[in-house]
Amino acid sequence: MQMQNKDAFSGCHPIINFLYFGLVLVFTMFFMHPVYLAVSLVTAVTYSIYLRGRKAVRFSLLFMLPMLLLAALINPAFNHEGATILTYLPSDNPLTLESIIYGIAAAVMLASVVIWFTCYNEVMTSDKFVYLFGRIIPALSLVLSMTLRFVPRFTSQIKVVSEAQRCIGRDVSEGSLIQRAKNGLTILSIMITWSLENAIETADSMKSRGYGLPGRTAFSIYRFNSRDKNALLWLLFCGGYIISGWLAGGMYWRYYPTLKGVLLSPFPISFMVVYFALCLTPIILNQQEDWAWARLGKGEDV
């Protein structure tokens with residue numbers, strides 16, 4: 001019996017994880033239909049909360065919500081296209097309904113992409129990325145892997161350094177402004193030195209292990225099982241069906257000069273349903289895993 005994962009989707013093969021995030025990120029960036037944007041944002045927030053808990057809620061309220069509002073306000077302030085004029089700004093430029101709605105749509109798209117990337121960083125670890133691309137592009141995959149994990153490691157290390165400096169009376173929150181600035185520069189200097197040393201040590205370690213050499217074998221804990229096969233078929237079906245709908249015009253929507261989109265009928269609605277199911281894939285897998293463990297806890301057969 002395998003150990004229970006907090007996130008069952010993270011336990012899938014790296015190919016499944018990467019393909020899923022590739023699909024949802026590309027679709028989120030290219031599909032500007034309001035329904036698809038709303039689905040992407042809601043499912044991204046839901047999955048982020050499942051992965052990160054209170055951190056995701058705090059991140060959404062403190063960072064994403066202000067960014068969303070700011071992006072929604074910037075577009076109508078500078079973009080005056082659209083046929084429905086609501087009023088005129090002090091600069092005598094028109095404020096149009098279409099520019100407001102497009103600004104909201106662009107803000108939702110931006111917020112969705114950022115939240116999906118936070119989920120990506122939680123699921124696609126550096127080990128998974130190196131496993132997928134280590135043999136194809138060894139140098140680039142190593143650099144990208146180090147870059148992706150740099151921010152969380154830097155944040156963790158700076159807390160340690162700041163606490164150590166505080167214990168010897170060099171806290172950035174005490175003393176005069178000049179003294180606090182000096183203490184801050186000291187911490188920054190320590191962090192830069194640590195970052196450079198860590199990068200050199202990582203590069204030397206990988207080189208000593210023969211990373212990137214032709215014919216080199218590597219141990220891997222990832223195995224492509226029947227669950228991964230089913231997940232791959234599901235993702236390929238959803239991706240192919242959604243792309244075919246996009247090519248057939250089933251996701252058409254325009255913002256200028258007037259709002260206009262494809263009429264709701266069984267044909268375009270089917271694409272919305274499949275897209276919603278695609279975005280919900282990790283949550284569905286997690287719920288199935290939770291139900292399975294709950295039944296095991298009651299002594300029932302799964």
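All figures in this text were calculated on a predicted structure; none of them were measured in a lab.

1. Thoughts on the overall build of the protein
Secondary structure assignment for the protein yields 11 helices and 4 strands. Looking at the 302 residues of the protein, the share that counts as buried comes to 34%. Sequence-distant contacts in the protein: of pairs separated by 6 or more residues, those separated by 24 or more amount to 72%. Per element, the accessible surface of the protein, about 18200 Å² overall, is 67% carbon and sulfur.

2. Some thoughts on helix H10 (residues 266-279)
Each full turn of the α-helix corresponds to 3.6 residues, which orients residues three or four apart in the same direction. In this model H10 runs 20 Å from its N-terminal to its C-terminal C-alpha over 14 residues, within 8% of the 20 Å that 1.5 Å per residue would give. For H10, the full list of buried residues reads Pro 268, Ser 270, Phe 271, Met 272, Val 274, Tyr 275, Ala 277, Leu 278 and Cys 279.

3. Some words on the pairing of strand S1 (residues 85-88)
Bridge count between S1 and strand S2 (residues 94-96): 3 bridges; the pairing is antiparallel. Counted as the bridge partner of Tyr 88 is Pro 94 from S2.

4. Some remarks on the packing of aromatic side chains
A complete count under the given rule lists 20 aromatic pairs for this structure. Pairing Phe 31 with Tyr 275 gives two aromatic rings, centres 6.3 Å apart and planes at 65°, and the pair type is edge-to-face. A residue pair is termed long-range when its members are at least 10 positions apart, and Phe 31 in the loop between helix H1 (14-30) and helix H2 (34-52) and Tyr 275 in helix H10 qualify at 244 residues. Across the pair, Tyr 275 and Phe 31 agree in class, each one buried.

5. Some details on a nonpolar patch on the surface
Together, Ile 49, Val 57, Leu 61, Leu 62, Phe 63, Leu 65 and Leu 69 make up a nonpolar patch on the protein surface, roughly 660 Å² of accessible area in all. Take Phe 63: it is sitting in helix H3 (residues 54-78). A relative accessible area of 52% means that Phe 63 is categorised as exposed.

6. Points about the side chain of Ser 99
Here Ser 99 lies in helix H4 (residues 97-123). In this structure Ser 99 comes out as buried when scored by relative accessible area, which is 0%. Ignoring anything within four residues of it in the chain, the contact list for Ser 99 reads Asn 75, Pro 76, Asn 79, Glu 81 and Tyr 256.

7. A closer look at the side chain of Ser 40
As for its position among the elements, Ser 40 is in helix H2. Among the residues examined, Ser 40 registers a relative accessible area of 1% and is labelled buried. A polar contact of 2.7 Å, which involves the side chain of Ser 40, links it to the side chain of Thr 28. Ser 40 has contacts with Thr 28, Ser 112, Trp 116 and Tyr 275, leaving out every residue within four places of it along the chain.

8. Focus: helix H8 (residues 177-208)
Across its 32 residues, H8 extends 46 Å between first and last C-alpha, which sits within 8% of the 46 Å expected from 1.5 Å per residue. All of the buried residues in H8 are Asn 183, Ile 187, Met 191, Trp 194, Ser 195, Asn 198, Thr 202 and Met 206. Positive phi shows up at Gly 210, right after H8, with a value of about 80°.

The rules behind each value
Residues numbered from 1 in each chain as written. Predicted model: local features only at pLDDT ≥ 70, side-chain atom pairs only at ≥ 80, totals over all residues. Heavy atoms only, no water. Helix = DSSP H or I, 4+ residues; strand = E, 2+ residues; numbered from the N terminus. Buried < 20%, exposed > 50% of the residue type's maximum accessible area, 1.4 Å probe, protein only. Contact = heavy atoms within 4.5 Å. Areas by Shrake-Rupley, 256 points an atom, 1.4 Å probe, with all protein chains shown as cover. Expected span 1.5 Å × (residues − 1). Pairing = 2+ DSSP bridges. Phe/Tyr/Trp six-rings, centres within 6.5 Å; stacked < 30°, edge-to-face > 60°. Patch = residues over 30% accessible without salt bridge, like charges linked within 9 Å, V, L, I, M, F, W, Y side chains within 5 Å. Salt bridge = Lys/Arg side-chain N within 4 Å of Asp/Glu carboxyl O. Polar contact = N/O pair within 3.5 Å; in protein donor to acceptor, adjacent residues only side chain to side chain.

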